[in-house]
Amino acid sequence: MAPNPQISNAPTQSSVEAPGLGRLVGIAASIIVTSVFLVVAGGLYATGTDLLPAMGIAFFAAAWGGGGFSAMIGGVIYATRLENEAIAARVLVAR
């Protein structure tokens, strides 16, 4: 009998893709919104504001101010990766 080959479900290097635009925007949004919330709430609480009002103002700032900035950052990261891949492909073809 011939030995049975081992089948692996591990992804090969060629099947792994870079994260898409939506995933990068989601990652950036979670980081920025959390950061804005913590900085604003911590700053207000440190200056003597009660905890609940500080958290309310921080939530408002994070929801309205953090989302747009994080979408922009996620889009820039995605576009930069695409641009770098295109440049690398042109360099390889030129050789």
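Our structure is the block above this text.
What you are looking at is a predicted structure, and each value in this text was computed from that prediction instead of being measured. (Residues numbered from 1 in each chain as written. Predicted model: local features only at pLDDT ≥ 70, side-chain atom pairs only at ≥ 80, totals over all residues. Heavy atoms only, no water.)

1. Looking at the overall build of the protein
Part 1 of the argument: Across its full length, the protein holds two helices and zero strands.
Part 2 of the argument: Within the protein, the fraction of its 95 residues that count as buried is 11%.
Part 3 of the argument: For the protein, the proportion of contacts with a sequence separation of at least 24, taken over those separated by at least 6, is 69%.
Part 4 of the argument: About 7,400 Å² of surface is accessible on the protein, with carbon and sulfur atoms providing 68% of the total. (Helix = DSSP H or I, 4+ residues; strand = E, 2+ residues; numbered from the N terminus. Buried < 20%, exposed > 50% of the residue type's maximum accessible area, 1.4 Å probe, protein only. Contact = heavy atoms within 4.5 Å. Areas by Shrake-Rupley, 256 points an atom, 1.4 Å probe, with all protein chains shown as cover.)

2. Regarding the environment of glycine 67
Part 1 of the argument: Locating glycine 67 in the fold gives a position in helix H2 (residues 51-94).
Part 2 of the argument: A C-alpha to C-alpha distance of 8.7 Å links glycine 67 and serine 30, two positions 37 residues apart in sequence.
Part 3 of the argument: Discounting chain neighbours no more than four positions away, the residues touching glycine 67 are Val33 and Ala62.

3. Looking at the packing of aromatic side chains
Each aromatic ring pair is summarised here by two numbers: the centre-to-centre distance and the angle between the ring planes.
Part 1 of the argument: Counting across every chain of the model gives one aromatic pair.
Part 2 of the argument: Residues phenylalanine 60 and tryptophan 64 carry aromatic rings whose centres are separated by 6.4 Å and whose planes lie at 50° to one another, so their mutual orientation is tilted. Of this pair, phenylalanine 60 and tryptophan 64 both sit in helix H2, four residues apart, which is roughly one turn of that helix.
Part 3 of the argument: Taking relative accessible area as the criterion, phenylalanine 60 reaches 52% and is therefore assigned exposed. (Phe/Tyr/Trp six-rings, centres within 6.5 Å; stacked < 30°, edge-to-face > 60°.)

4. Structural notes on the environment of tyrosine 78
Part 1 of the argument: You can see tyrosine 78 is positioned in helix H2.
Part 2 of the argument: Classification of tyrosine 78 by relative accessible area gives partly exposed; the value is 27%.
Part 3 of the argument: Placed 56 residues apart in sequence, tyrosine 78 and glycine 22 show a C-alpha to C-alpha distance of 9.2 Å.

5. Side note on a nonpolar patch on the surface
Part 1 of the argument: Together, Tyr45, Leu51 and Met55 give the surface a local cluster of nonpolar side chains, amounting to about 310 Å² of exposed area.
Part 2 of the argument: Take methionine 55: it is sitting in helix H2.
Part 3 of the argument: Residue class for methionine 55 comes out partly exposed when judged on its relative accessible area of 36%. (Patch = residues over 30% accessible without salt bridge, like charges linked within 9 Å, V, L, I, M, F, W, Y side chains within 5 Å. Salt bridge = Lys/Arg side-chain N within 4 Å of Asp/Glu carboxyl O.)

6. A few points about helix H1 (residues 21-46)
Part 1 of the argument: Here H1 spans 37 Å end to end across 26 residues, near enough to the 38 Å set by a 1.5 Å rise per residue.
Part 2 of the argument: Along H1, the positions that sit buried rather than exposed are Leu24, Ala28, Ile32 and Ala41.
Part 3 of the argument: Positive phi appears at glycine 48, one or two residues downstream of H1, with a value of about 105°. (Expected span 1.5 Å × (residues − 1).)

7. As for the environment of arginine 23
Part 1 of the argument: By secondary structure assignment, the location of arginine 23 is in helix H1.
Part 2 of the argument: Arginine 23 sits in the exposed class, given a relative accessible area of 55%.
Part 3 of the argument: In sequence terms arginine 23 and tyrosine 78 are 55 residues apart; their C-alpha atoms lie 9.5 Å from each other.

Worth remembering: the numbers are spatial, not functional.
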